[in-house]
Amino acid sequence: MWFAVGLIIFIIVAFPFGFFYVLNNGNPYTKYIANKNVPVYLEKKGYTKKDIMEASYVEPKYIINKDFYHGHYMVIFKDEQDVTYYYGITKKRKTVKQFCEKDKLLSDGVTDIFEGKTKHSEGKCVNSLENRN
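Only a predicted model underlies this, so the values are computations on that prediction, with no experimental measurement involved.

A. Spotlight on the overall build of the protein. Regarding its fold elements, the protein presents two helices and six strands. Ordered by position from N to C terminus, the α and β elements of the protein give α-α-β-β-β-β-β-β. Over its C-alpha trace the protein gives a radius of gyration of 18 Å, far above what one expects of a compact globule, namely 14 Å for 133 residues. The 133 residues of the protein split such that 33% are buried. By sequence separation, contacts in the protein at least 24 residues apart represent 46% of the contacts at least 6 residues apart.

B. How the structure looks around unusual backbone geometry. Positive phi, normally seen in glycine, also occurs at K94, with a value near 55°. Mapped onto the fold, K94 is located in the loop between β3 (80-89) and β4 (96-98). For K94, a relative accessible area of 31% puts it in the partly exposed group.

C. Quick look at the confidence of the model for the protein. Per-residue confidence for the protein gives a mean pLDDT of 90, with 95% of residues at or over 70. Per-element mean pLDDT across the protein ranges from 76 in helix α1 (residues 2-25) up to 97 in β4.

D. Up close: helix α2 (residues 28-44). Given a rise of 1.5 Å per residue, 17 residues ought to cover 24 Å, and the 25 Å separating the end C-alpha atoms of α2 matches this to within 8%. Those residues of α2 lying buried are T30, I33, A34, V38, Y41 and L42. Its buried side turned inward, α2 meets β1 (52-58), β2 (72-77), β3 and β4. Measuring from the side-chain oxygen of the N-cap residue of α2 to the backbone nitrogen of Y29 gives 2.8 Å; that N-cap residue is N27. Following α2 by one or two positions, G46 adopts a phi angle in the positive range, close to 100°.

E. Spatial organisation of the state of the cysteines. Applying the stated rule across the entire model yields one disulfide. The side chain of C100 participates in a disulfide bridge whose partner is C125; the two sulfur atoms lie 2.0 Å from each other. Note on the C100 and C125 pair: the S-S dihedral is about 95°, so by sign convention the disulfide is right-handed. Separated by 25 residues along the polypeptide, C100 in the loop between β4 and β5 (102-105) and C125 in the segment after β6 (111-114) bring together distant segments of the chain.

F. Seen up close, the pairing of β2. Of all six residues in β2, six are buried; the element is thus mostly enclosed. Sheet analysis places β1 next to β2, joined by six bridges and oriented antiparallel. Paired with S56 across the bridge in β2 is M74. Examined bridge by bridge, β2 and β3 share four bridges and lie antiparallel to one another. Following the sheet pairing, Y73 is matched in β3 by Y87. The antiparallel hairpin formed by β2 and β3 contains two residues in its connecting segment.

G. Up close: the side chain of T30. Relative to the elements of secondary structure, T30 occurs in helix α2. What makes T30 buried here is its relative accessible area of 6%. Residues contacting T30, with those up to four places away along its chain left out, are Y57, Y69, H70 and G71.

H. Looking closely at the nonpolar core. Of all hydrophobic cores here, the largest spans 17 residues; its most connected members are V38, L42, V75, F77, Y87 and I89. Only α2, β1, β2 and β3 provide two or more residues apiece to this core. For F77, the residues in contact, after removing those within four places along its chain, are Y47, D51, I52, M53, Y85, Y87 and H120. If you look at the next biggest cluster of nonpolar residues, it comprises seven residues, including F68, I76, F99 and V126.

Reading the values: the criteria
Counting starts from 1 at the beginning of each chain's written sequence and moves along it residue by residue. Reporting in this predicted model follows two pLDDT cut-offs: at least 70 for local features of residues, and 80 or more for side-chain atom pairs to be given and counted; totals over whole chains, interfaces and linings ignore these cut-offs and use all residues. Side-chain calculation: all heavy atoms of the structure are included, whereas hydrogens and water are not. Helix and strand labels come from DSSP, where a helix needs a run of H or I of at least four residues and a strand needs a run of E of at least two; each type is numbered from the N terminus. Restricting the calculation to C-alpha atoms gives the radius of gyration, and the globule rule supplies 2.2 Å times the number of residues raised to the power 0.38. Relative accessible area decides the class of each residue, using a 1.4 Å probe on protein chains only: under 20% of the type maximum gives buried, over 50% gives exposed, and in between gives partly exposed. Pairs of residues are marked as contacts when any of their non-hydrogen atoms sit within 4.5 Å. A residue's pLDDT is the predictor's confidence in that residue, given on a scale from 0 to 100. Take the number of residues in a helix, subtract one, and multiply by 1.5 Å to get its expected span. For this analysis, a polar contact is any N or O atom pair within 3.5 Å, provided that within protein one partner can donate a hydrogen and the other can accept it, and provided that sequence-adjacent residues contribute only side-chain to side-chain pairs. Note on terminology: pairs of cysteine sulfur atoms within 2.5 Å are recorded as disulfides. Between any two strands, at least two bridges found by DSSP are needed for them to pair. Throughout this description, the term nonpolar core refers to a set of buried Ala, Val, Leu, Ile, Met, Phe, Trp, Tyr and Cys residues connected via side-chain atoms within 4.5 Å.

What follows is the structure in structure tokens.
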């Protein structure tokens, strides 16, 4: 009896903390699979740590393609520091895909979404803003 009451109180207290953690930091599982799979993918593509200026997991503030986990992995290459590339993980096979949308830093200091060809664009990218209903 006391165990059940204690369990219910624990759930009532722990749930809001867990909810706000995920809301602020993203899903820990998604972060784990992105941090595990994307660096390996980039290595297979021939990139080394020397080629990359910055790489980390990011949580977008908007709804993305339903076929992908919500979190992205962003990469800025040393030889193209004005472009931020984003990679996603598919839900079905957990494969890594580059998103077509990139953030490009313009000469006036404004960041703009860019979908054109850049130095590190892949032949087959996926639009992160499709399939969002």
